[in-house]
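Architecture at a glance
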Amino acid sequence: MKQSGLQEMLAGIMPQEEEQPEEMMDEFFEVNDEEDFDEQTEEPDFQANLAEDLGDSYLDEIASELLDLKDEDEDSRQKWMESISNLKDAIGIGDEDIYEQPFPGSSTVVYPIITTAQIQFQARALPEIFPDNPAKAVVVGESTPEGEAQAKRVSDVLNYQITYQDKGNKKDFRKMLWWLPLTGSTFRYVYHNPLRNINMVRFVPVEDFIVPYATTSLMDASHFSYRFFDKKNDLLKLINMGFYRSIDIPDDGTDDTEASNPVQKLRDEGDGQTRTTNSTTTLQECYNIYADYDLTGFEDVDEDGVPTGIGLPYVFTIHASTRKVLAIRRNWKQDDEYKLKRIYFAHYQYQEGPGFYGSGLPHLIGSLQTASTGALRAFGDAMAFAMLQAGWKLKDAKFAGSEVFAPGKFQDVDMDIEDINKAIKIANFAPPPQQVLTYIEMLDNKAQALVSTVDVLTGDQSSQNAPVGSTLALIEQAQKVISAQHKGLFESFSEELQILADLNYDFLPDHGEFKVPGKVGIIMREDFDGRVDVLPTADPSVASFQQRQAIDQASMQMFQQFPQFFKDGGFELSRRIMGNLGVPSLDEIMINEEEFAQQQAQAAQNPPPPSPDEVKVQVMQQDAATKAETAKSNATIEQQRLELEEDKMLLDAAIKIEDIEMKAGMSSQQLAQTSDQFAIQQLMQHSQNQMQNSIAKPTAKPLLSQEQEPQPVTEQPIQEEAPQADPEKRNLLLRMIDKIRGR
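Now for a quick tour of the structure. Remember, it's a predicted structure, so these values are computed and weren't measured experimentally.

1. Details of the overall build of the chain
Helices and strands together make up the secondary structure of the chain, namely 23 helices and 15 strands. The proportion of buried residues among the 743 residues of the chain is 38%. Sequence separation of at least 24 residues holds for 74% of the intrachain contacts in the chain that already meet a minimum separation of 6. Accessible surface, the chain as shown: approximately 43,900 Å² in total, 52% of it carbon and sulfur.

Okay, structure coming up:
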């Protein structure tokens, strides 16, 4: 790979990275080609710790400068942090209470508007955004068989990493969804864990991600900081590996986070935990500060090798309590000539706010939560006073024992009834008004409408007789808000998967394999070279299981009507529908892609028997062809029969003419004239019969039936314009007459 001018200049002065020991090899990947993997780990030290080549005083200056920037950034968001810290009062956790109690023992109940919305958001978003196999890959550009195979391998590797290799990934994602509605913004950090030699993703609370004032996006920010906590023992391991620079790590490596971080205090109170000072359990506070910096000795240079003074993106790892630099690493891709900084964080927002951070439920319905809680507490206190009466008693009144009454117990007194009435005055407490409940219900409805937790979506519809159209309209309106939230989660999760794919190109072995139940997958580092794009398998436009079922049902009906429009005979559609139904162990009950391809190949060699519908069509076609042949044969036979009958009638006519001649004793001339005239009459009669039969019924009739007697023959002069008869029929009749005469 061609190096830039800066890389060529530093190639001779940068120390070579030491070979990783065998025990630090990936605990999950089985490397097939150890030589290729060794060559990868021994590439030029682009990822080397640059702090090893810089002086201590210069590093201390860098640490002091960057930590001061971080402190300024924290000061600029202090009011925002304090508003977030009040969450403990909104959701009822912690030991303190912002509501001033009117008397000891008054109600401390919290109306669960925010908690209800928070739980429903987490329950809806988790299965939609993070299913069993949350990642898929698609080919960039024109699809080819090689590209589809590469996309399949990328999908398998990503899903293996997310669901099997990084065991805490989904649990961490669930925790992120719990905090997101409360804080408005959360982050997920995608990084390479050098201790386990795997790529991982972890949830970053909003209080641990610090950006400068007026930041709009991480790519445009001049710098930003990520605070993380690590065990002292793990830091020592990383120092021993050479990943961090060697420094003296104290036993207590954290600042007073309770004073400087109210959200951390909120988390501790919510978990019921207390900080300890045990050196083996105390976490060390560190910062990864991502900043553009003109680092001495590693300056950006132009074509002539002259420093340009342009700050390049670096990652500075600093130990908080000692203010010592642990590591400095380049934060751009090695083959990027523009040296654009890399982002390792996916920003999740509940609702986009006016600034960098998103808006959470306290920002949206915090005032409704406070009003509902106050009204509910007042109602509870009023009900307690109405049920357990109180009042005044004379200071000098003497009662034996306690003044507290218990059911079924009578108290002894040393005074009469009149003295008791004089000594005690019961206050008149009115019962709580029902308008308070109406007020609370109104506030609750407003909050539900705002955050889309209406009853029709939670399975608690108040009116069982509501029209279907109204119910569907409510569901559709609520799902629009939910779909918008899911689309935001979808985009952030897409960024997270893309970062993970980029890290795979940096750290995966060239060749390897992974094993999951019932399958052995292939690892190829070059698959993550950008030729395929990675996306979540989730569909952000679908907000509920019922909506997905309706889509699947419509898709199956379309496939049954028009199977020619679907790929692979509906194989992918069937698997998708079964997966959406949540059928467990899908691979055990359905064939996979390879088995389906084998079935297709066998079907091409041995065509399957026709279906019952196809057989029925073939029988109908054969029956129609047989009927057509039969009709044609019958028509031919009928035509031949008619012709034979016609010849027979002509012969009978000739015989009758002979009989007339013998009976009448006509002369030859008279007989010839009479015969010709009779023949013409017969032919004219035959032509007229044919014309009438063609109009009434297309069947031939005999010229002269056997039962019909010939008409008397009279000599008539031959007309000059004789009717034209069929020449063939006339000639045949005349030939037969001549033959009779010759006899």
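Next, the rest of the story.
2. Considerations on the sheet that holds strand 10 (residues 345-349)
Spatial strand order, 4-3-10: three strands in an open sheet with antiparallel pairing. Sheet topology places strand 4 (198-204) and strand 10 at the edges, where each strand pairs with a single neighbour. The average angle at which neighbouring strand axes cross in this sheet is 20°, direction not considered.

3. Considerations on the packing of aromatic side chains
The geometry of two aromatic rings is summed up by the distance between their centres and the angle between their planes. In the structure shown here, the tally under the stated rule is 28 aromatic pairs. For the ring pair Phe130 and Phe173, a centre distance of 5.0 Å and an interplane angle of 50° mean the geometry is tilted. On the criterion of sequence distance, the pair formed by Phe130 in the loop between helix 6 (113-129) and strand 2 (135-139) and Phe173 in helix 8 (residues 169-183) is long-range, its members being 43 residues apart. Just as Phe130 is buried, Phe173 falls in that class too. With a centroid separation of 6.2 Å and an interplanar angle of 85°, the aromatic rings of Phe224 and Phe345 are classed as edge-to-face. Of this pair, Phe224 sits in strand 6 (residues 223-231) while Phe345 sits in strand 10, and the two are 121 residues apart along the sequence. Residue Phe224 shares its accessibility class with Phe345, and that shared class is buried. Through successive ring pairs, a cluster of aromatic residues spans Phe187, Tyr189, Tyr191, Phe209, Phe224, Tyr226, Phe228, Tyr290, Phe345, Phe356 and Tyr357. When the ring centre of Phe243 is taken as origin, the NZ or CZ atom of Arg329, which lies over that ring, is 4.0 Å away. A cation over an aromatic ring shows up here: Arg525 above the ring of Tyr505, its NZ or CZ 4.3 Å from the ring centre.

4. Structural notes on the pattern of salt bridges
Considering all chains together, one arrives at 23 salt bridges under this definition. For Glu74, the salt bridge identified is with Lys70, shortest N-O distance 3.4 Å. Of this pair, Glu74 and Lys70 both sit in helix 3 (residues 56-76), four residues apart, which is roughly one turn of that helix. With relative accessibility at 14%, the residue Glu74 sits in the buried group. On the accessibility criterion, Lys70 (6% relative accessible area) is buried. With its nearest N and O atoms 3.1 Å apart, the salt bridge here joins Asp172 to Arg188. Of this pair, Asp172 sits in helix 8 while Arg188 is found in strand 3 (residues 185-193), placing the two residues 16 residues apart along the sequence. By sharing partners, the salt bridges in this structure join Lys70, Asp71, Glu74, Asp208, Arg227 and Glu285 into a single network.

5. Remarks on the sheet that holds strand 8 (residues 312-319)
Two modes of strand pairing occur in sheets, parallel and antiparallel, and in both the strands are linked by backbone hydrogen bonds. Reading across the sheet, the five strands line up as 5-6-7-8-9 and stay open at both edges, with antiparallel pairing between neighbours. Each end of this open sheet is capped by a strand with a single partner; those strands are strand 5 (209-210) and strand 9 (324-330). In this structure, strand 5 lies alongside strand 6, joined through two bridges in antiparallel fashion. Bridging from a neighbouring strand, Phe209 pairs with Tyr226 of strand 6. Together, strand 5, strand 6, strand 7 (283-293), strand 8 and strand 9 form the strand contacts of helix 3, whose direction differs from that of strand 7 by roughly 95°. Contacting strand 6, strand 7 and strand 8, helix 9 (residues 232-241) runs over the sheet at an angle of about 110° to strand 6.

6. Some points on the packing of helix 6 against helix 12 (residues 361-387)
It is at 8 Å that the axes of helix 6 and helix 12 come closest, and there the two elements cross at 140°. Taken as axis vectors, helix 6 and helix 12 run oblique relative to one another. Along its contact with helix 6, which presents Ile113, Ile114, Ala117 and Gln118, the element helix 12 presents Leu361, Pro362, Ile365, Leu368, Gln369 and Ser372. Considering only residue class, the contact of helix 6 with helix 12 consists of seven nonpolar, three polar and no charged.

7. Notes on the packing of helix 17 (residues 545-561) against helix 18 (residues 571-580)
Contact geometry for helix 17 and helix 18: axes closest at 10 Å, N-to-C directions at 155°. It follows from the interaxial angle that helix 17 and helix 18 lie roughly antiparallel. Here helix 17 runs over helix 18; the crossing is left-handed. Of the residues in helix 18, those touching helix 17 at Phe545, Arg548, Asp552, Ser555, Met556 and Phe559 are Leu573, Ile577 and Asn580. Here the contact of helix 17 with helix 18 is built from residues that sort into five nonpolar, two polar and two charged.

8. Things to note about a nonpolar patch on the surface
Among the surface-exposed residues, Met383, Met387 and Leu388 lie close enough to one another that they form a single nonpolar patch of about 360 Å² accessible area. In this structure, Leu388 sits in the loop between helix 12 and strand 11 (391-393). Leu388 sits in the exposed class, given a relative accessible area of 66%.

9. Topic: the nonpolar core
Judged by nonpolar contacts, the single largest core of 90 residues is most densely connected at Phe173, Phe209, Phe224 and Phe345. In terms of residues, this core owes the most to one element, helix 16 (residues 468-507), which gives eight residues. When residues no more than four places from it in sequence are discounted, the contact partners of Phe224 are Phe209, Ile210, Val211, Leu218, Asn288, Ile289, Tyr290, Lys341, Ile343 and Phe345. Counting residues in each nonpolar core, the second largest holds 25 residues, with Leu66, Tyr293, Leu295 and Phe316 among its members.

10. A few points about a negative patch on the surface
On the surface, Asp568, Glu572, Glu593, Glu594 and Glu595 cluster together into a patch of negative charge. A total of three residues in the negative patch trace back to one element, the largest contributor, which is helix 20 (residues 593-605). Along the chain, Glu595 turns up in helix 20.

11. Focus: the pairing of strand 10
Where burial is concerned, most of strand 10 is hidden: four out of the five residues are buried. In this sheet, strand 10 lies alongside strand 3 in antiparallel orientation, the contact comprising five bridges. If you follow Tyr189 over to strand 10, its bridge partner there is Phe345.

12. Some points on the pairing of strand 14 (residues 519-524)
Examined bridge by bridge, strand 13 (residues 511-516) and strand 14 share six bridges and lie antiparallel to one another. Residue pairing in the sheet places Lys515 in a bridge with Val520 of strand 14. In this antiparallel pair of consecutive strands, strand 13 and strand 14, the connection spans two residues, and Gly518 shows a positive phi of 80°.

Conventions used here
- Residues numbered from 1 in each chain as written.
- Predicted model: local features only at pLDDT ≥ 70, side-chain atom pairs only at ≥ 80, totals over all residues.
- Heavy atoms only, no water.
- Helix = DSSP H or I, 4+ residues; strand = E, 2+ residues; numbered from the N terminus.
- Buried < 20%, exposed > 50% of the residue type's maximum accessible area, 1.4 Å probe, protein only.
- Contact = heavy atoms within 4.5 Å.
- Areas by Shrake-Rupley, 256 points an atom, 1.4 Å probe, with all protein chains shown as cover.
- Pairing = 2+ DSSP bridges.
- Axes fitted to C-alpha atoms, helices over the stretch in contact; angles between N-to-C directions.
- Phe/Tyr/Trp six-rings, centres within 6.5 Å; stacked < 30°, edge-to-face > 60°.
- Lys NZ or Arg CZ within 6 Å of the ring centre and 35° of its normal.
- Salt bridge = Lys/Arg side-chain N within 4 Å of Asp/Glu carboxyl O.
- Parallel < 35°, antiparallel > 145°, perpendicular 65-115°, else oblique.
- Nonpolar A, V, L, I, M, F, W, Y, C, P; charged D, E, K, R; others polar.
- Left-handed = near helix turned anticlockwise from the far one by under 90°.
- Patch = residues over 30% accessible without salt bridge, like charges linked within 9 Å, V, L, I, M, F, W, Y side chains within 5 Å.
- Core = buried A, V, L, I, M, F, W, Y, C linked by side-chain atoms within 4.5 Å.
- Lys, Arg positive; Asp, Glu negative; His and termini not counted.
- Charge placed at Lys NZ, Arg CZ, Asp CG, Glu CD.

The quantities given are spatial measurements derived from coordinates; they are silent on function.
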